[in-house]
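Residue-level structure breakdown
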Amino acid sequence: MAKTKTKPKPGEIPYLKKQGEAVQLIVDGKPFMILGGELGNSTASSLDIMKTVWPKLEQMNLNTVLVPVYWDLIEPTEGKFDFELLDGLLAGARKHNLRLVLLWFGSWKNSMSCYAPQWIKADQKRFPRARLKNGQAVEILSAFSKANLDADIKAFATLMRHLRKEDGKKHTVIMIQVENEIGMLGAVRDFCDLANKAFKQSPEDDEIFMARHYARYVNQVAAAGKAEYSLPMYVNAALNKTGQKPGEYPSAGPLLHLYDVWRAEASKIDFLSPDIYHPVFEEWCAGYHKSGNPLFIPEAGRGTENIAGVFYAFGQHDAIGFSPFAIEAVSEVEKGIIVESYDVLSQLSSLILANQGKGTMSGVSLNEENQTQKVKLGKYVLNVSHGYTFEWTPRPAGIETWPKVGGLIISTGTDEYIIAGCGLIVNFSSNSESGEIAGIANIQEGKIINGKWQGGKWLSGDQSHQGRHLNLSVDKFSIQRVKLYQYR
Ligand code: DGJ
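Counting restarts for each chain, with residues numbered from 1 along the sequence as it is written. Given that the model is predicted, a residue must reach a pLDDT of at least 70 before its local features are reported, and side-chain atom pairs must reach 80 or more before they are shown or counted; all residues, however, enter totals for whole chains, interfaces and linings. The basis for every side-chain value is the complete set of heavy atoms in the structure, and neither hydrogens nor water enter the calculation.

**Focus: the sheet that holds strand S6 (residues 99-109)**
Where we set the bar: We treat two strands as partners when DSSP finds at least two bridges between them. Working definition: helices are DSSP H or I runs of at least four residues, strands are E runs of at least two. Numbering for both runs from the N terminus. Only the stretch in contact is used when fitting a helix axis, every axis being a line fitted to C-alpha atoms; angles between N-to-C directions are given from 0 to 180 degrees. Every residue pair with non-hydrogen atoms within 4.5 Å of one another is taken to be in contact.
The eight strands are arranged S4-S5-S6-S9-S10-S11-S12-S13 in a closed barrel whose pairing can be described as parallel. Within the sheet, the average angular offset between the axes of one strand and its neighbour, ignoring direction, is 30 degrees. Where strand S11 (residues 271-276) lies against strand S12 (residues 296-300), two bridges are found, and the strand directions are parallel. Pairing of Ile-276 across the sheet is with Ala-300, part of S12. Running over the sheet, helix H10 (residues 304-317) touches strand S4 (34-38), S11, S12 and strand S13 (321-324) and is turned about 170 degrees from S13.

**Let's talk about the pairing of S13**
Put simply, the test is: Burial status follows relative accessibility: with a 1.4 Å probe on protein chains alone, a residue under 20% of its type maximum counts as buried, one over 50% as exposed, and anything between as partly exposed. For crossovers, right-handed means that the path from the first strand over the helix to the second runs clockwise, given strands pointing away from the viewer.
Burial along S13 is two-sided: Gly-321 and Ser-323 and Phe-322 and Pro-324, pointing in opposite directions, are all buried. Examined bridge by bridge, S4 and S13 share two bridges and lie parallel to one another. Paired with Leu-35 across the two strands is Phe-322, which belongs to S13. Two strands pair when backbone bridges link them, and S12 and S13 are joined in this way by three bridges, in the parallel orientation. Bridge assignment links Ala-300 to a residue of S13, and that residue is Pro-324. After leaving S12, the chain enters H10 and then returns to the sheet as S13, a path that is right-handed.

**Observations concerning the sheet that holds strand S2 (residues 22-27)**
The strands making up a sheet associate through hydrogen bonds between their backbones, and the pairing can be parallel or antiparallel. Taken in spatial order, the three strands line up as S1-S2-S3 in an open sheet, and their pairing is antiparallel. Edge strands, defined here as strands with exactly one partner in the open sheet, are strand S1 (15-19) and strand S3 (30-32). When the angles between neighbouring strand axes are averaged without regard to direction, this sheet yields 55 degrees. As defined by bridge partners, S1 adjoins S2 across five bridges and the pair is classed as antiparallel. If you follow Gln-19 over to S2, its bridge partner there is Ala-22. Across the sheet, helix H11 (residues 332-355) is in contact with S1, S2 and S3; its angle to S1 comes to roughly 65 degrees.

Purely geometric numbers; function is a separate question.
Laid out in structure tokens, this is it:
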């Protein structure tokens, strides 16, 4: 279980707090929903490039950017730290009203150790590498070496100390990812002498053993960082595909089948997060949303199929945040989708945050294979179908597969719901056994401005199929409010 504080104080540094069944991120005393984007790996290494990137991110309606901090650039010489780049990133984010999640590219980045400074890479004797089963060293620092751990701890703790000094009052940085997609490649575990010695004394199988040691290492890095500046910290997982063997996927990472090991060994890590590039987006959301482990998606694909999922993640799984990868490289089409969906979600954010963990909100995600979903919420059952199930829904000529669509539903009164997203047809029935029939009193399209409903068009006639259903267009993200009644 993630440890959560209970007494929020405005002005306190960001922290995690329980609300009902949910865990929320509190920033400046209030719950915060990350509408994020992660930068491509190398973009943040140049402040000149960032000058052109910041405005683009702001225009896309992001409120948070996930930005790497590169070990080799902050400690190019052992013990000599340079934070000019980081300070420039803090200034840039502040100027453009953006928060940051920092990604510590320390000992491991996608299993490898490419961000270790040269003085580490070139001194294998002092900083041992992991080895494959045949004894071959690879460019992965061994998790069994105290020297490796101490060097990472020193750099990370220095980073967090600097951050507290520069940002401890402003809270531009709201969370930290410790390392990136940890896991052994090419073998199920490290086979260096230190690892083999420890393995001989272990009753566990290779992958569990390796996960325990990765988790212990990262826990000590996080502990040292938190001792300087105690921001929420998480690790991210490269997900395993069906049929792959450990070592083909990054073995022993913070994966679902190793969840208990990671949580037991890494108590300083507040939660484990999935990087979701897989088609079964919903299953990974459900897997990583556990009691005490809030769902945060630090990386996802940028295509339409993923963006519809953002509504599902917030509505169904009380997500802390969502963040497509290489956000600065979006195509015009992808950009349009992010602008629109994040606009709608930021309008809804105070309502979503108020309803997290209370059982008053649901998420929906539909495609050609899963065309319908039944949502029981309050007095009514909402029968939700893909927009293309309705014969009058316009669709582009020659379309081969149905687009993925999604949305969220919030119960805002006994007979009232706010429904947002795209491509959904919703009809209503009573949730009681007593034979009542549900009818639509009215539907209005609208916006939420400063937390208040601002109604626009009333949607009846053809727009509600003469009072039979609510219809969210497939082509745009929008918000509608429906009022219902019951009759016999
Ligand atoms: C996942 C990693 O975490 C990212 O840093 C990046 O390498 C992407 N994969 C590339 O798809």
